[in-house]
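Close look at the chain arrangement
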Amino acid sequence: MGMIDRPKYMDTLREFKDTSFIKIVTGIRRCGKSTLLKLFTRELRQLGADGEHILEMNFESMRYKDILDYPAFYDHVKTRMPKEGKTYLLFDEIQMVRNWQRAIDSFLVDFDVDIYVTGSNAYLLSSEFATLLSGRCVEIRMLPLSFREFLDFHAFEPSVSLEEKFQTYLKFGGMPAVRELGFNEQRVNDMLEGVYSTVILKDVMERNKLTDQALLRKIVMFLADNIGNVTSPNGIGKVLADEGAAGLEERRKAPASRTVGSYIEMLRNAFVFYEAGRYDVKGKQLLKTMNKYYIVD
């Protein structure tokens, strides 16, 4: 199937094209970041950029399995840099490279480049990164398909009402890959389970060196079952400890909320959940306020 435009995000990339800002597209895995870079690359070619001046790298490809840290990353790009003219650098899932931001900093200093990167973890924008590239990056936060985009991605019979289309959207969600599966419920569920497992294993557990997958799953299930409800890590910790959740039983005297809070933060950093805080409180009250959590799709 051909690629379908995501105008909202493409317009932002166009707006910052040929500026000194590093364009960083963030969002959960499989929400369309790689396709967005491909769409933008296609547009660059249409505007006259040749292959020599476009360098694309997807770090989930085995082709780059040996590029594990920033010196190897820098050397690989340096050997492929043309002698003159602006070069467009597009790096997909860049969080796979240790200290990648140091290489990016050097590219900006040493070459005439326009840089675009994607990542599936909010640690991309960590304090270390912010310090090194302060004021030189713009984050483009990508989500799965909105209902408007969903209608662009899927073909319906003329007899299908807007309400029926919306119910289909609610049932199957906005992951772009659903388009390839033709609303086959079993296959869509298998695909979504695969995305979930990859995110939990790679972007939460491996990234944070966690071993307690059972506890993480319980927290995910609790949050998913309480979408839109006012929730606090302390309350979740108490519920799970009362249920005898492994890893929290022995922490009844210690602040179980700290454990739960750190797990929720990891899930937020992997873009699995988004937090909505109260807007009508200030100062110390912010520390006491409970939030609502919403799952990405």
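What you see as residue numbers is a count from 1 along each chain, following the sequence as written. Per-residue local features are limited, in this predicted model, to residues with pLDDT of at least 70; the limit for side-chain atom pairs, both in listing and counting, is 80 or more; totals at the level of whole chains, interfaces and linings are taken over all residues. Side-chain measures were taken over the full set of non-hydrogen atoms in the model, leaving aside hydrogen atoms and water.

**Looking at the environment of E185**
Relative to the helices and strands, E185 resides in helix α8 (residues 185-208). Separated by 14 residues in sequence, E185 and K171 have C-alpha atoms that sit 9.1 Å apart. Once you skip the residues sitting within four places of it in the chain, E185 turns out to touch K171 and F172. The way it works is that DSSP assigns letters per residue, a run of H or I at least four long becomes a helix, a run of E at least two long becomes a strand, and they are numbered from the N terminus. Working rule for contacts: check all heavy atoms of both residues, and any pair within 4.5 Å makes them a contact.

**Thoughts on unusual backbone geometry**
Glycine aside, negative phi is the norm for most residues, and most peptide bonds take the trans geometry. Unlike most non-glycine residues, F183 shows phi in positive territory, near 55°. Structurally, the position occupied by F183 is in the loop between α7 (162-172) and α8. One non-glycine residue, F271, lies in the positive phi region at around 65°. By the secondary structure assignment, F271 is in the loop between α11 (256-269) and β6 (273-276).

**With respect to the pattern of salt bridges**
Pairing is possible between side chains that carry opposite charge, provided their charged atoms lie close to one another. What makes a salt bridge here is a side-chain nitrogen of Lys or Arg within 4 Å of a carboxyl oxygen of Asp or Glu, nothing more. Tallied over the full model, the rule gives 17 salt bridges. Residue R45 is joined to E56 by a salt bridge in which the shortest nitrogen-to-oxygen separation is 3.7 Å. Taken together, the residues span a long stretch of sequence, with R45 in helix α2 (residues 33-46) and E56 in strand β2 (residues 54-58) at a distance of eleven residues. Here the salt bridges do not stand alone but share partners, grouping D11, R14 and E43 into one network.

**Quick notes on the sheet that holds strand β1 (residues 22-26)**
Whether two strands pair depends on DSSP finding at least two bridges between them. If you walk across this open sheet you meet the five strands as β2-β3-β4-β1-β5, and the pairing is parallel. Each edge of the open sheet is held by one strand with a lone partner, namely β2 and β5 (137-141). Averaged over all pairs of adjacent strands, the angle between their axes in this sheet comes to 15°, without regard to strand direction. Direction of pairing for β1 relative to strand β4 (residues 113-119): parallel, over a ladder of four bridges. In the strand pairing of β4, I24 is matched with V117. With axes taken as lines fitted to C-alpha atoms, and helix axes fitted only over the stretch in contact, angles between N-to-C directions fall between 0 and 180 degrees.

**Quick notes on the packing of helix α1 (residues 7-16) against α2**
Orientation of α1 relative to α2, taken along the N-to-C sense of each, is 50°, at an axis distance of 11 Å. The orientation of α1 with respect to α2, classified from their angle, is oblique. Where α1 crosses over α2, the handedness of that crossing is right-handed. Between α1, through Y9, M10, L13 and R14, and α2, the contact on the second element is made entirely by L36, L39, F40 and E43. For this classification, Asp, Glu, Lys and Arg are treated as charged, while Ala, Val, Leu, Ile, Met, Phe, Trp, Tyr, Cys and Pro are nonpolar and the rest, including Gly, are polar. Along the lines of polarity and charge, the residues of the contact of α1 with α2 split into six nonpolar, no polar and two charged. Angle categories are assigned with fixed cut-offs, so that under 35 degrees is roughly parallel, over 145 is roughly antiparallel, 65 to 115 is roughly perpendicular, and the rest are oblique. Whether a crossing is left-handed or right-handed is set by the direction in which the near helix is turned from the far one by less than a right angle, anticlockwise for left-handed and clockwise for right-handed.

**Description of the pairing of strand β3 (residues 87-92)**
Burial analysis of β3 places six of its six residues in the buried class, which makes it a mostly covered element. When accessible area is computed with a 1.4 Å probe and restricted to protein chains, residues below 20% of their type maximum are described as buried, those above 50% as exposed, and intermediate ones as partly exposed. Judged by which residues are buried, β3 turns out to be covered on both faces: T87, L89 and F91 on one side and Y88, L90 and D92 on the other are all buried. With five bridges joining them, β2 and β3 adopt parallel strand pairing. Paired with E56 across the bridge in β3 is L90. Seen with its strands pointing away from the viewer, a crossover is right-handed when the path leading from the first strand over the helix to the second is clockwise. Running through helix α3 (residues 70-78), the crossover from β2 to the neighbouring parallel element β3 is right-handed. As paired strands, β3 and β4 are joined by five bridges and run parallel to one another. The residue of β4 that forms the bridge with L90 is Y116. Between the parallel pair β3 and β4, the chain is carried across by helix α4 (residues 100-110), and the sense of this crossover is right-handed.

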